[in-house]
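Overview (structure and organization)
Take a look at the letters that make up each chain.
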Amino acid sequence: MRQTKIDDFLELERRIKEEVEKSREKDKILFQQAKLASLGEMLGNISHQWRQPLMEINSIFLPIEGKIILGKKVDNNEILQAIEKLNSITKFMSDTIDDFRDFFSNDKEKIRFNILEQINSVVNIVSAGLKAHSIKLDIILKKNPELFGYKNEFSQVLINLINNAKDELISRKIEDPYIKITIFEEKNNIVVTIEDNAGGIKVSPIETIFEPFFTYQKHNGSGIGLFMSKLIIEKNMEGKLKASNKDDGAFFEIIIPKN
């Protein structure tokens, strides 16, 4: 009887060890799956961020190529301007890699930067695409405050929101399309709004657009841009990113506490 109890105990101990080992293996698999999912998400975000700059690079030299084919004279200033814009775009693409590589780390350095300067930098990158579709861009500056945070990530959020507005204006074939950016201060917050006249976000509840992998546009865009934009503003800059509809289009509001 005593030996039987000992054998039962040893068998139970063996089964416990076996289950613990199985549990560890499952944890390892889940960990690897999480790493792969994070890697896939990161690559998806880089792809989303790079799509528009690559299109801009393509469009920069099309007018010059057209003139050369038609045998027209190409002005040196036109070439220099194209090269300058190309350098700006490629630097942004390089910075995007660095920003996403460091996105989940805690040792990134915040710096003080001027909002209008960042908006102007963003406009330099997206302007060719907007002009190609006759989309008017208005910037209303009521205040020109400085922010203390992650400069490049803030620019990426602006590009995401502008690109989403542009894509909707194009896909819905809006007459007299426009995007308006407004910067002002309200109480202890710095507020940047981005609005368009594309007819609004046709999703209910509207917060769904910030879910990962939600397809906001019918023709392109994975929704990752809006998901990551919300993470950047709310996690890394301790602010808020809100979406709503106005009479004729979508209205995004970035609210960041003054530092």
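Before any of the text, the structure's been laid out above.
Everything quoted here is computed from the prediction, not taken from an experiment. Here the residue numbering is sequential within each chain, running from 1 through the sequence in written order. Since the coordinates come from a predicted model, pLDDT governs what is reported: local features require at least 70, and pairs of side-chain atoms require 80 or more to be given and counted, while whole-chain, interface and lining totals use all residues. Values reported for side chains reflect all heavy atoms of the structure, with hydrogen atoms and water molecules removed beforehand.

Examining the overall build of the protein
Looking only at helices and strands, the protein has six helices and seven strands in total. Strands are runs of DSSP state E lasting at least two residues, helices are runs of H or I lasting at least four, and both sets are numbered from the N terminus onward. Ordered by position from N to C terminus, the α and β elements of the protein give α-α-α-β-α-β-β-α-β-β-α-β-β. Evaluated residue by residue, the protein yields a buried proportion of 39% over its 259 residues. Residue pairs at least 24 apart in sequence account for 73% of intrachain contacts in the protein once pairs closer than 6 positions are excluded. Only protein chains enter the accessibility calculation, which uses a 1.4 Å probe; a residue whose area is less than 20% of its type maximum is buried, one above 50% is exposed, and one in between is partly exposed. In what follows, residue pairs with any heavy atoms lying within 4.5 Å of each other are defined as contacts.

Section: the side chain of Asn197
Residue position: Asn197 is located in the loop between β5 (189-196) and α6 (224-236). Its relative accessible area of 12% is what places Asn197 among the buried residues. Looking at Asn197, its side chain comes within polar contact range of the main-chain nitrogen of Tyr178, at 3.0 Å. With residues up to four places along the chain from it excluded, the contact list for Asn197 reads Leu169, Ile174, Glu175, Asp176, Pro177, Tyr178, Asp248 and Gly249. Here a polar contact is taken to be a pair of N or O atoms separated by no more than 3.5 Å, where protein atoms must pair a possible hydrogen donor with a possible acceptor and residues adjacent in sequence count only if both atoms sit in side chains.

Structural notes on the layout of surface pockets
Reported here for the largest pocket is a volume of approximately 290 Å³. Mapped onto the lining of the largest pocket, the elements with two or more residues apiece are α1 (2-60), α2 (62-69), α3 (76-101) and α4 (115-132). Taken together, the residues of the lining of the largest pocket sort by class into six nonpolar, three polar and three charged. Delimitation of the domains relies on an automatic or database domain assignment. Viewed by domain, the lining of the largest pocket spans two of them, domain 1 (1-104) and domain 2 (109-257), each represented by three or more residues. Grid spacing is 1 Å over the protein atoms alone, the probe is 1.4 Å, and a cavity is where that probe fits but cannot get out, while a pocket is an open set with protein on both sides within 12 Å along at least five of seven lines and lining residues have an atom within 4 Å of a point. Grid points are joined across faces, edges and corners, and a volume is the space filled by probe spheres set on the points. Only Asp, Glu, Lys and Arg are considered charged in this grouping, and only Ala, Val, Leu, Ile, Met, Phe, Trp, Tyr, Cys and Pro are considered nonpolar; every other residue, Gly among them, is considered polar.

What about the side chain of Ser155?
As for its position among the elements, Ser155 is in helix α5 (residues 151-171). With relative accessibility at 4%, the residue Ser155 sits in the buried group. Excluding residues within four positions of it along the chain, Ser155 makes contact with Gln118 and Val122.

A few points about the nonpolar core
By nonpolar core we mean a set of buried residues, namely Ala, Val, Leu, Ile, Met, Phe, Trp, Tyr and Cys, connected to one another through side-chain atoms within 4.5 Å. Ranked by internal contacts, the top residues of the largest apolar core, which has 46 residues, are Phe154, Val192, Phe252 and Ile254. The set of elements that each furnish at least two residues to this core consists of α3, α4, α5, β4 (178-186), β5, α6, β6 (240-245) and β7 (250-257). For this core, the domains that each give at least three residues are domain 1 (1-104) and domain 2 (109-257). Those residues in contact with Ile254 that lie beyond four places of it in its chain are Phe154, Val157, Leu158, Leu161, Ile190, Val191, Val192, Ile194, Ile233, Lys240 and Leu241.

Observations concerning the environment of Phe154
The residue Phe154 is located in helix α5 in this model. Among the residues examined, Phe154 registers a relative accessible area of 0% and is labelled buried. For the pair Phe154 and Ile254, spaced 100 residues apart in sequence, the C-alpha separation works out to 10.0 Å. With residues near it in sequence (within four places) discarded, Phe154 still touches Phe113, Gln118, Leu147, Val192, Ile233, Met237, Ile254 and Ile256.

Description of the sheet that holds β7
We treat two strands as partners when DSSP finds at least two bridges between them. Pairing is mixed in the open sheet, where five strands are placed in the order β2-β4-β5-β7-β6. The outermost strands of the open sheet, each flanked by one partner alone, are β2 (136-141) and β6. Here the strands of the sheet are splayed against their neighbours by 15° on average, with no regard to which way each runs. Looking at chain direction, β6 and β7 are connected through six bridges and run antiparallel. Bridge assignment links Ser244 to a residue of β7, and that residue is Phe251. Here the axes come from fitting lines to C-alpha atoms, over the contacting stretch only for helices, and the angles between their N-to-C directions go from 0 to 180 degrees. In the packing of α4 onto the sheet, the strands contacted are β2, β4 and β5, and the crossing angle to β2 comes to about 175°.

Comments concerning the packing of aromatic side chains
Stacked, tilted and edge-to-face are the three classes applied to pairs of Phe, Tyr and Trp rings, where Trp contributes its six-membered ring and a pair requires centres within 6.5 Å; stacked means planes under 30 degrees apart, edge-to-face means over 60, and tilted covers the rest. As enumerated under the stated definition, the model contains two aromatic pairs in all. Taken together, a centroid distance of 5.8 Å and an interplanar angle of 50° make the contact between Phe113 and Phe154 tilted. A residue pair is termed long-range when its members are at least 10 positions apart, and Phe113 in strand β1 (residues 111-114) and Phe154 in helix α5 qualify at 41 residues. Its guanidinium or amino end placed over the ring of Phe184, Lys142 lies 5.6 Å from that ring's centre, counting from NZ or CZ. Lysine NZ or arginine CZ positioned within 6 Å of the ring centre and within 35 degrees of the ring normal marks a charge as sitting over the ring.

Some details on the environment of Lys110
On the secondary structure map, Lys110 appears in the loop between α3 and β1. Of the residues examined, Lys110 reaches a relative accessible area of 28% and is grouped as partly exposed. In this structure, the C-alpha to C-alpha distance between Lys110 and Met237, residues 127 residues apart in sequence, is 9.4 Å.

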